[in-house]
Amino acid sequence: MILIVDDSPENIISLKKVLEKNDFEVDTASSGEEALKKILKKSYVLIILDVQMPGMDGFEVAEAISGYSKAKETAVIFLSAASANVNLITKGYSSGGLDYISKPVDMNILLLKVKTFYRIYEQSRKLHEMQVALQEEIEFRKEAERKKDEFISIASHELKTPMTSIKGYIQLLERSLEKNDIETTRSRLTKVQNQVEKLNLLVADLLDISKIESGKLKFNRRYFSFDEVLDHIVEVMQQSHPQLKMHKSGFVSAEIFGDEMRIEQVIINFITNAIKYAPGSDQIEIMTELRDDCVYFSVRDFGIGMSEEHQQKIFDKFYRIEETSERFQGLGIGLYICQEIIDRHGGKIGVNSQPGEGSEFYFTLPLHPVHAQSEIL
Ligand code: ADP
């Protein structure tokens, strides 16, 4: 919007008419004092300021508004009689004015200047927007860099823990071998194997992350029995956690199309998290059923649970709930990988949870995915 400041009503009327005819929005003030009041309340792109006015003159107005934050981007065109001397003109520029037109006003020149100012204003507004966007982007990089550093330090720590155990057990193995104590040797070997398996899983997750990043996570899809895969996992998990009460209910009774190993990975991830994040509880409920041509699978635990705020974020890369991250080891990438796997199978993944009451992690998988036939051919 343009503000015309002039003590002569005729001048205001004729300027307003021309500007409005050229689609500019116009406001008016008949004195310097009135103009100041208006500028305090509103932002103007341009002020056309008569220099010679009774009371505050145009230069004084320009000087006063140069300190207003609302007028920081505002341009000023001074209007003055042709007889104005050079000193006046210089004064005009030094008090923050940007241009000068002598009276009687040549409307064509005024319009040209107004249009130029509007263009400059638009350009500087866009520049400012770009600057803000760039700044945000820089911050976001910085943030990504910080997360990466944090991840590298957690990952190194996580890898070091089983490594240190392995080293320790190997030293102990040497001793039990020297003593020819076969029983202890066997038990220590099992412990080494468990730690190696832990390392293996960690490295596999790290590799998956880098495959997802580079778009190289490939799926080997075919029809397989979901029920059989699940039965097998439950049997193996039950063997390694004999104290755990795993209640399994429902079945699919149909073959589904997907990457068996990858779906297995998601199920195992849900179950191991259900065990890990429920210390003191020995129950897990596993449920499968058919819902609208989809497999619905869920794992419910009675552990620490989580608030709504965290439920939105736990599938993000590297996200771990801070309040509990010291208590439980982890890299914060398992659920991110699970989400990628389920997404790429055309399914949905999610969680229902209440702090202190446990969590239910679930996924759905379409029985007849759109791409199934084309991929099989
Ligand atoms: P990790 O367990 O290695 O940290 P995940 O990606 O599997 O990584 O899980 C991300 C975060 O989600 C965990 O750090 C934990 O805070 C939270 N979480 C996952 N599963 C559960 C669960 N069953 N109960 C409570 N919190 C969970």
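Values in this document were obtained by computation on a predicted structure and should not be read as measured data.

With respect to the domain arrangement of the protein
Reports of interface size often rely on the accessible area that becomes lost once the parts have come together. According to the domain assignment, the protein consists of domain 1 (2-105), domain 2 (142-214) and domain 3 (221-376). Taken together, the 14 residues of domain 2 in the interface contact twelve residues of domain 3. Summed over both sides, the interface between domain 2 and domain 3 buries roughly 1300 Å², with carbon and sulfur atoms accounting for 65% of that surface. Counting the surface domain 2 buries against domain 3, the share from its top three residues, Phe151, Ile209 and Ile212, is 37%.

Comments concerning the UniProt feature "modified residue: 4-aspartylphosphate" (unreviewed entry) in the protein
Residues given the UniProt feature "modified residue: 4-aspartylphosphate" (unreviewed entry) here are Asp50. Its place among the elements puts Asp50 in strand β3 (residues 46-50). What makes Asp50 buried here is its relative accessible area of 1%. Leave out the neighbours within four places in its chain, and Asp50 touches Val5, Asp6, Asp7, Gly58, Leu79 and Lys103.

Some details on the sheet that holds strand β4 (residues 75-81)
Spatial strand order, β2-β1-β3-β4-β5: five strands in an open sheet with parallel pairing. Two strands bound the open sheet, and with one partner strand each, they are β2 (26-29) and β5 (99-103). For this sheet, the mean angle separating the axes of adjacent strands, direction not counted, is 20°. As paired strands, β4 and β5 are joined by five bridges and run parallel to one another. Within β5, the residue paired with Ser80 across the bridge is Ser102. Lying over the sheet, helix α5 (residues 107-178) contacts β1 (2-5), β3, β4 and β5, oriented at roughly 165° with respect to β5.

So, the sheet that holds strand β7 (residues 245-249)
Within the open sheet, the five strands sit side by side as β7-β9-β10-β12-β11. Their pairing is mixed. Every interior strand has two partners, whereas the edge strands, β7 and β11 (348-354), have only one. Pairs of neighbouring strands in the sheet enclose a mean axial angle of 15°, with direction left out of account. Across eight bridges, strand β9 (residues 283-291) lies against strand β10 (residues 294-301) in antiparallel orientation. Each bridged residue has a counterpart across the sheet, and for Glu289 the counterpart in β10 is Tyr296. Sitting on the sheet, helix α7 (residues 226-240) touches β7, β9, β10 and β12 (358-366), and the angle it makes with β7 is about 170°.

A short note on the nonpolar core
Of all hydrophobic cores here, the largest spans 47 residues; its most connected members are Phe226 and Phe363. Shared between two domains, this core takes at least three residues from each, and those domains are domain 2 (142-214) and domain 3 (221-376). Formed by 21 residues, the second largest nonpolar core is a distinct cluster that contains Ile39, Ile47, Leu49 and Ala71.

Criteria and thresholds
- Once a new chain begins, its residue numbering starts again from 1 and follows that chain's sequence as written.
- At least 70 in pLDDT is required for a residue's local features to be given in this predicted model, at least 80 for side-chain atom pairs to be given and counted, and no such filter applies to totals for whole chains, interfaces and linings, which use all residues.
- The side-chain quantities take in all heavy atoms of the structure and omit both hydrogens and water.
- The domain limits used here are those given by an automatic or database domain assignment.
- Contacts are assigned to residue pairs that have any heavy atoms within 4.5 Å of one another.
- Buried area: the accessible area, evaluated with a 1.4 Å probe, that two parts lose upon being put together, summed over both parts.
- UniProt positions are given in the numbering used here, feature names are shortened, and annotations may be inferred rather than shown by experiment.
- Helix and strand definitions here come from DSSP, where helices need a minimum of 4 consecutive H or I residues and strands a minimum of 2 consecutive E residues; each element is numbered from the N-terminal end.
- Note on exposure labels: buried denotes an accessible area under 20% of the residue type's maximum, exposed denotes more than 50%, and partly exposed covers the range between, all computed with a 1.4 Å probe on protein chains only.
- Should DSSP find at least two bridges between two strands, the strands are regarded as paired.
- For helices, the fitted line uses only the C-alpha atoms of the stretch in contact; every axis is such a line through C-alpha atoms, and the angle between N-to-C directions lies from 0 to 180 degrees.
- Within this scheme, the nonpolar core is defined by two criteria: the residues are buried Ala, Val, Leu, Ile, Met, Phe, Trp, Tyr or Cys, and they are joined through side-chain atoms within 4.5 Å.

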